[in-house]
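Structural characterization, general
One-letter residues, chain by chain:
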Number of protein chains: 2
Amino acid sequence: MAETRVRSLPREETGLPEEIFGLDPDFVAEIDQALEEERDEIVRELVVPLHYADTADLIESLHGDHRSRLIDLLRPDFNPEILPELPDDIRDEIIERYGFADFAALIEELDSDDAVYILDRMDEAEQAHVLARLPLETRTIVEQGLNYPEYTAGRLMQRELAAVPDYWTVGEAIDYLRSNAVLPEDFYVLFVVDPRHRPVGIVRLNRLLRAKRPVRLRDIMSTELDIMKVDMDQEDVAFLFRRKDLLSAPVVDASGRLVGRITIDDIVDVIDEEAEDDILRLAGLSESSIYVSTWETIKSRFTWLFVNLGTAILASLVIGLFESSLEQIVALAVLMPIVASMGGNAGTQTLTIAVRGLAMKELTASNAMRVVGKELAVGAANGIAFAVLTGAIAWAWFDQPMIGAVIAMAMVINLVIAALSGIAIPLGLERLKIDPAVASAVFLTTVTDVIGFLAFLGLATIFLL
Amino acid sequence: MAETRVRSLPREETGLPEEIFGLDPDFVAEIDQALEEERDEIVRELVVPLHYADTADLIESLHGDHRSRLIDLLRPDFNPEILPELPDDIRDEIIERYGFADFAALIEELDSDDAVYILDRMDEAEQAHVLARLPLETRTIVEQGLNYPEYTAGRLMQRELAAVPDYWTVGEAIDYLRSNAVLPEDFYVLFVVDPRHRPVGIVRLNRLLRAKRPVRLRDIMSTELDIMKVDMDQEDVAFLFRRKDLLSAPVVDASGRLVGRITIDDIVDVIDEEAEDDILRLAGLSESSIYVSTWETIKSRFTWLFVNLGTAILASLVIGLFESSLEQIVALAVLMPIVASMGGNAGTQTLTIAVRGLAMKELTASNAMRVVGKELAVGAANGIAFAVLTGAIAWAWFDQPMIGAVIAMAMVINLVIAALSGIAIPLGLERLKIDPAVASAVFLTTVTDVIGFLAFLGLATIFLL
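Below you will find a few notes about this structure. This structure is a prediction, so every number in the text was calculated from the model and none was measured. (Residues numbered from 1 in each chain as written. Chains lettered and ligands numbered in written order. Predicted model: local features only at pLDDT ≥ 70, side-chain atom pairs only at ≥ 80, totals over all residues. Heavy atoms only, no water.)

Considerations on the interface of chain B and chain A
Counting from both sides, the interface comprises 136 residues of chain B and, opposite them, 137 residues of chain A. For the chain B and chain A pair, buried surface summed over both sides reaches about 12400 Å², with 65% attributable to carbon and sulfur atoms. The tally of links between chain B and chain A comes to ten salt bridges. Between Arg-356 of chain A and Glu-276 of chain B there is a salt bridge, with its nearest N and O atoms 2.8 Å apart. Counting across the interface, chain B meets chain A through 29 residue pairs in polar contact (both at pLDDT 80 or more). Looking at side-chain class alone, the side of chain B that touches chain A contains 74 nonpolar, 26 polar and 36 charged residues. (Contact = heavy atoms within 4.5 Å. Buried area = accessible area lost by both parts, 1.4 Å probe. Salt bridge = Lys/Arg side-chain N within 4 Å of Asp/Glu carboxyl O. Polar contact = N/O pair within 3.5 Å; in protein donor to acceptor, adjacent residues only side chain to side chain. Nonpolar A, V, L, I, M, F, W, Y, C, P; charged D, E, K, R; others polar.)

Re the side chain of Glu-274 of chain A
Residue and element names in this part refer to chain A. Within the fold, Glu-274 resides in helix H15 (residues 264-282). Judged by relative accessible area, Glu-274 falls into the buried class, the value being 6%. Discounting residues that sit within four places of it in the chain, Glu-274 has contacts with Glu-235, Ala-238, Arg-242 and Ala-359. (Helix = DSSP H or I, 4+ residues; strand = E, 2+ residues; numbered from the N terminus. Buried < 20%, exposed > 50% of the residue type's maximum accessible area, 1.4 Å probe, protein only.)

What to know about the nonpolar core
Among the nonpolar cores identified, the biggest contains 82 residues, and Phe-456 of chain A together with Phe-456 of chain B are the most heavily contacted of them. Setting aside residues no more than four positions away along its own chain, Phe-456 of chain B makes contact with Leu-332, Leu-335, Met-336, Val-339, Val-406, Ile-407 and Ala-410 of chain B. (Core = buried A, V, L, I, M, F, W, Y, C linked by side-chain atoms within 4.5 Å.)

Here's the deal with the pattern of salt bridges
The full count for this structure, using the stated rule, is 52 salt bridges over all chains. Note that Asp-57 of chain A is salt-bridged to Arg-243 of chain B, the shortest N-O span being 2.9 Å. Residue Asp-57 of chain A is located in helix H4 (residues 52-61), and its partner Arg-243 of chain B is located in helix H14 (residues 234-244); the two belong to separate chains. According to the relative accessible area criterion, Arg-243 of chain B is buried, its value standing at 12%. Connected through salt bridges with shared partners, the residues Glu-38, Asp-40 and Arg-69 of chain A form a single ionic network.

Below, the structure is given as structure tokens:
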């Protein structure tokens, strides 16, 4: 069993997450050694019993010849579930080594949503080769799946489901389940459909088991159905699953016919992606893990830093307007980063709440004005608090009350503007249909830097010179 | 049905998320009006058929007398599922209006995990009153639940489960399910236990349905079990569910006896909380939604901004060391925020990847050094790229090649230090068992500000004066 192969570095020793859940590095080293020594039987004995997630990790962590050799050794027992867990380039290597026919045979064994996911990530020529080698029925299903736009219910759903007519009895349904070979491997509810194949209810299997054979499905089915349309955005699907605590939901096409089912485990991936995207985009990142190559990482981060350099130069241009003030009072140069920095931080707090509120659909048209009002109040209150604090510190430091007054005024202005921008920028981007998580942060810091320097140096020029 | 009551503001009109999924503001206004006019029957007709999540939102959005009146009107049909969706103060109001006995009767109807969740959030006196009014069996289960530490598998699990001995046949199991009244309301798997009540396998209900009555459970059960211990951290449980694509898992006590089950829908909440925490903490936030009161928001954000003021003042102190350099070359004041800002942004990128990598258990003891190496390489590469760019801009701007050289050197230094800090700070905090998401950002900007100003102004003092 997989579990016995998995071992931990004690947390006390390293302070880092224990690896009870992943592959033990010693185990990986052992396999690597066995591959090196071409002890094929040992390798197969060690690897074949692994869970598919572990096998995928193992394949990924090996390199060059050893990886190719392992792929070849696993061929007779290759678990198709490994495929969706692998990066694209390794799947390409598998196609290369197994050939299209054998690869198509693996795809054929997967659930339709996984098959669509993999085919979608291939280039067109590869895709055509694999599709041509699938049996007609699977091929039709996969092609239909590929036709649904990305990130929709149609892409998420599995086509395999257990559907029965509403006039059947419990006994008829049980006999059908016992006889029918084309049912999904695992399912937890029966979908009940009307004569036009539109979903009218669901029967949970435990209800079916506990009911008497002559009872009509109609009488034990639950009619509280949350029906998803094929073209619904996957984030909206996830939202409904969370809000209604759903475990599975029927998916219908434009004419209302039942065409698939979405289950909560598909939703977990959507939720993960969503949260991940928000976190990463707020920091100007597009890569999704620590495994991306160094060169890709350099390129993707360069873009964001480049945009940021523009912002920083803009701020410097603002400072440049006040060169003569700075020449006369050097204290201004010492104090000026404080106002900009506090504005940036306060604004980021508001921004994070707004971006997350939009993603979780908590921030909507009907409460936007109320939230803006609250953020302005918070900005003003903390603006005043920090104006007093910073003013007192600046006064004491440079022994000049007026410099305290100037930094205090600038602080209130920048914290109010920061609050306003922190909410207005993401709302505006959402309205322009630009993901607010991507671009909000750079706009915000531009505003808080420019206003921070402008207010402080401008007020100083007016009141101190 | 709830769905018919739910309407959207078209996205085109507002640019904000559609409210197809929440309560229509017009509908809330209609209820509010009916409450005002004391048309109790209308109110009940409108509200009773709602989904519990919508009812909870409705109660939350009403105020004062209207809320109390609605709570009273719902009393005969109050759906216990509403309770876990409400904030603590509204639950307190319900206790006040219904009394402890009726409130305990509602708790009694909930799944044990929800009951534990609610009791845990009450003050001790209230908790004792409710516990005293629960039937002995429920009371024992809830008290045991409250004894497990927070954020563990014991808290997440439901005590209600369907367990059968491994020597039974399919027929015996089906007869038991049909006869037994104390089974959970919904379940999808049967847990198979040995004579000491330790889990040895699971039988999915669809397999049970499709098997013949005389077959032994032992022969159709799946023995690939992922067993959770009661004291396991909930994030570790969530990690295992994701990695192994689990739908439900047995939970055992210290002696290995089956004491509960965790299902994937409980995990969705954990995943949401986890991601939410990371996003918010990186921005120095502790509140979890846009609904927190203005005063609470001001207080919670003040703390973070106060820490930040300390950082900003530290940076100013560093600048203060170079007052005489700034007096002689005012261009330094104009350019100095660029180096600090670029360092802060580059560091935040690394930091976000590291914090998320730790949370998702991708960053571990065995790959930490490799990731540090990669981040240093990325920092150095982008440091050099931006050194060239910024150096050229500064040279052109102030027509002085040496000022370009100085800012270029400072940029490389700060971007390398930023990369190193971005990974070392979260790893260090994790080792000290401090949540890296909470404190990393403030340490990081302290480092990048101080190093940014120190390197640029220090090098300028050496080379330009």
